[in-house]
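Architecture and fold: a report
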Amino acid sequence: MKHSFFLPVLALCMQPCVSNAQNAVDPQIARVEKSLIGPTHTKGFTGWALKERMAHYHINGLSIAVIRNYKIAWAKGYGRADKEQHLPVTLQTRFQAGSISKSVNALGILTLVRDGKLALDTDVNHYLSTWKLAQSGGSKVTLANLLSHTAGLNVSGFSGYTAGQPIPSVQQVLNGEKPANSPPVRMVEKPGTGFAYSGGGVTVAQLIAMDVTHQSYEQLMDERVLKPLEMSNSTFEQPVVKPRAAVLASGYDESGRKFKGGNYHFYPEQAAAGLWTTPTNLARFILAIQKAFEGKDPGIIPQTLAAKMLTPFIDKRAGLGVFIDSLKGMDYFGHDGLTYGFRSLYYGSLKGGNGVVIMTNSVSDGLIPEIVNSIARVYNFKGLYNSVEEKNKIVSQTILQSYVGRYQLAPGMILNIYRQANQLLVQLTGQSSIPIFAETDRKFYIKVVNAQLEFVKEKGKVTKVILYQDGAANIAPRIK
């Protein structure tokens, strides 16, 4: 829910950053660039200009690829890969993919299943030789559990390491031993009973692949996924070796400033967060999955495994390394990514061969959904357009005041609801305050992200708030 209102002037990379053979789609590119729209809009509003919104969110660099009818329709870079060095974003500029790494990792794991080296339903300790997962009560964790976040493991994400810091081994990460800066990966819930997002679990899958193949993770992913899919501007190396380091974008905060401690962080948790790539390369990944799933090209994995990847496993949204969303009757697989200085998102349709990839060198989160809306409108990608006309309701000050309080969204995560005159605002722990607007006396929406809040009363008192976001309903009991 981070949001920024700084309005700097950005110099955008225009024609030199567009892929070849674009003449036929240039009008569509131009329409996308002037039709950005948020989760809500006023009647008659046609959209913002991309350059304007990059400035609004203080985003220095951006790269886009659009997939249509099983082909990459176009790809284009905008702004600066490094503002201080005046380096433009080109189609070769690599961004950190963050948790999108989990999707590409899942494909690599499935190639090992394809070759009979792994099975999705076998106890993972059968494959682990350099580390073992402590299990309790006879519980069995499988690869399918790890890839779908249903293994009951902790450690949702990782913060990475700055240049000059010692980088831990995968085993040290899993044990929480120095120099690792994350807790040990442990079983905290019974496997197979529900969803709990765990980058720690995906790191266990990384070690399984390494133990079984006796290869470094970057080498096996290069051989099994990146080279076969011609993802030549991608790597799981951590850190990336020169001379390819010259094409890496630098990361920035939500105000457009570099973080202290370097241009980006290193992630030894490569399967969970270590991929450097481009939208064009991720589009190749999406196309490979789409074609395998629809039986058009089983070149990377057979249709049966593609179906397993794109079918929710236990949880209603979580497939193997991907999330599945049914949006207005159209199914999409996808994932987002967020690391120190970078944010990204991709969607691929399960039918029809359409999709979009957006990568930025900023942690600001408002621009990406606006671009998705614009692309969805221009190309009529059913389901991806998500903007509603504003219908603000006037709510009495007495009712607004009754909602003021603190609500426990998750351990260590508090939703603070407070008033400024007639305006309610929400602030999540560690993030900026955002105004919320009334649809009804109890339902409110957020303009800068696609999320809604519903206040629940019991016996006349507000006892909780429900946060609706990304197809999920998250209940936050009132604690004060």
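Residues numbered from 1 in each chain as written. Predicted model: local features only at pLDDT ≥ 70, side-chain atom pairs only at ≥ 80, totals over all residues. Heavy atoms only, no water.

1. Brief notes about the pairing of strand β3 (residues 71-82)
Within a regular strand, side chains alternate between the sheet's two faces. In terms of burial, β3 is a largely internal element, nine of the 12 residues being buried. Bridge count between strand β2 (residues 61-68) and β3: eight bridges; the pairing is antiparallel. Counted as the bridge partner of S63 is G77 from β3. Following β2, the chain reverses through two residues before pairing antiparallel with β3; N69 in that reversal takes a positive phi of roughly 55 degrees. As paired strands, β3 and strand β4 (residues 87-88) are joined by two bridges and run antiparallel to one another. (Buried < 20%, exposed > 50% of the residue type's maximum accessible area, 1.4 Å probe, protein only. Helix = DSSP H or I, 4+ residues; strand = E, 2+ residues; numbered from the N terminus. Pairing = 2+ DSSP bridges.)

2. Some remarks on the sheet that holds β2
Taking strand neighbours across the sheet as the criterion, the seven strands line up as β4-β3-β2-β10-β9-β8-β7 in an open arrangement whose pairing is antiparallel. Two strands in the sheet have a free side with no partner beyond their single neighbour: β4 and β7 (323-327). Judged from the five bridges that link them, β7 and strand β8 (residues 330-339) form a sheet pairing that is antiparallel. Looking across to β8, one finds that F323 is bridged to G334. Contacting β2, β3, β9 (342-349) and β10 (355-360), helix α11 (residues 367-379) crosses the sheet at an angle of about 30 degrees to β2. (Contact = heavy atoms within 4.5 Å. Axes fitted to C-alpha atoms, helices over the stretch in contact; angles between N-to-C directions.)

3. Brief notes about the side chain of T111
Relative to the assigned elements, T111 resides in helix α3 (residues 101-114). By relative accessible area, T111 is classed as buried at 0%. Each residue touching T111, except ones within four places of it in the same chain, is listed here: R224, I300 and I301.

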